Amino acid sequence: MYLTRFRVNTARTAARRLLSSPQVLHAAVMSSFPTLLPTDHPAADAPRVLWRLDHNAPGEVLLFLASPEAPDLTHLVEQAGWPTAMIDTPGWQTRSYTPLLDRLAVGERWSFRLTANPVHHIRRTDDEPRKRTAHLTPHHQMGWLLDPERQQRGGFRILEKPKDKRLLPAGTTHQGREHHGDRYELTVRDPRSHAFDRSRHSGAKRGRTVTLVTATFDGRLEVTDPGLMRRTLTHGIGKAKAYGCGLMTLAPLPQGETR
């Protein structure tokens, strides 16, 4: 496995086109692998190509990729990078992901970032089919990731803040539902909503519009099962992985804090 970082030159017209559509950027990402054909589909249990955009500032947008093979982002550098400035480097950074994956251990604590498509299935009446619906509020989006079964399947648990560092008490909402307050080392930010025609860039007849709601989670976790944690990092979490969702990345905790 490999982890790649590419900084997008947001001043370029082609870059803005890529950033405006998960469909277009997905096609550009998948074109980075010469041995991967458009008709190829990864095996159900095999690692897949995952990607994520980090909007850190108006002029600082980073594209991260996790992939079974190293990508060639030459076309992205030419369209959305700094092609004439890259003399000694190719314009992106790729590192082997395997050493980190192999040394994950129970009890390790990490900072993490994840952009996901938090959804649930609902129906208004008992005889109505269940419908996939996005969580729209930060409270419900946070609850999606805090789901104990989701954390168990992912091989991690979200850390709790010490009681003396919690700014909000736990309690109930105005609708009488339980609210965790400021209990967890977890924030939700950068909510985004995209709408695009999936067939527009494939040459097929116009199809139904795809609506995608995303949110970015920053927090701290503890590894509970290294095998499941490795699977989470290489297979992703949740839906819409083709459109920039599901890639979780880890970073060491600040110096002096316990890992």
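The structure we're discussing is the one just above.
What you are looking at is a predicted structure, and each value in this text was computed from that prediction instead of being measured.

Re helix H1 (residues 13-20)
The complete set of buried residues in H1 reads Ala 15, Leu 18 and Leu 19. Take H1 and look down its axis: the buried residues cluster within an arc of 95°, on one side only. Facing away from the buried surface of H1 by more than 90 degrees, the exposed residues are Thr 13 and Ser 20.

What to know about the nonpolar core
Counting residues in each nonpolar core, the largest one holds 31 residues, and the members touching the most others are Phe 112 and Met 248. Elements that contribute at least two residues to this core include exactly strand S3 (60-67), helix H4 (98-102), strand S5 (109-116), helix H5 (138-146), strand S8 (156-158), strand S12 (209-223), helix H7 (226-235) and strand S13 (248-251). Ala 15, Val 24, Leu 25 and Leu 53 belong to the second largest nonpolar core, which has 21 residues in total.

What about the packing of H1 against helix H2 (residues 22-30)?
Each pair of packed helices gets described by two things: the angle between the helix axes and the distance between those axes. At a minimum axis separation of 5 Å, H1 and H2 run at an interaxial angle of 110°. Looking at the two axes, H1 sits roughly perpendicular to H2. Judged by residue contacts, Arg 17, Leu 18 and Ser 20 of H1 engage Pro 22, Val 24, Leu 25 and Ala 28 from H2. Classifying every residue of the contact of H1 with H2 gives five nonpolar, one polar and one charged.

Describing the side chain of Asn 117
If you trace the backbone, Asn 117 turns up in the loop between S5 and strand S6 (119-122). A polar contact of 2.8 Å, which involves the side chain of Asn 117, links it to the backbone oxygen of Val 213. When neighbours within four sequence positions are excluded, Asn 117 is seen to be in contact with Trp 144, Leu 212, Val 213, Lys 239, Ala 240 and Cys 245.

Structural notes on the pattern of salt bridges
Under the defined criterion, the tally for this structure stands at eight salt bridges. Here Asp 54 ties to Arg 113 by a salt bridge, and the two come within 3.2 Å at their closest N and O atoms. Here Asp 54 is found in strand S2 (residues 50-57), whereas its partner Arg 113 is found in strand S5, with 59 residues between them in sequence. Close ionic contact of Arg 113 with Asp 218 constitutes a salt bridge, the shortest N to O distance being 2.6 Å. Taken together, the residues Arg 113 in strand S5 and Asp 218 in strand S12 connect sequence positions 105 residues apart. Judged by its relative accessible area of 17%, Asp 218 falls in the buried class. Salt bridges sharing partners connect three or more residues here, namely Arg 52, Asp 54, Arg 113, Arg 189 and Asp 218.

Conventions adopted
- Residues numbered from 1 in each chain as written.
- Predicted model: local features only at pLDDT ≥ 70, side-chain atom pairs only at ≥ 80, totals over all residues.
- Heavy atoms only, no water.
- Buried < 20%, exposed > 50% of the residue type's maximum accessible area, 1.4 Å probe, protein only.
- Helix = DSSP H or I, 4+ residues; strand = E, 2+ residues; numbered from the N terminus.
- Arc of directions from axis to C-beta.
- Core = buried A, V, L, I, M, F, W, Y, C linked by side-chain atoms within 4.5 Å.
- Axes fitted to C-alpha atoms, helices over the stretch in contact; angles between N-to-C directions.
- Parallel < 35°, antiparallel > 145°, perpendicular 65-115°, else oblique.
- Contact = heavy atoms within 4.5 Å.
- Nonpolar A, V, L, I, M, F, W, Y, C, P; charged D, E, K, R; others polar.
- Polar contact = N/O pair within 3.5 Å; in protein donor to acceptor, adjacent residues only side chain to side chain.
- Salt bridge = Lys/Arg side-chain N within 4 Å of Asp/Glu carboxyl O.

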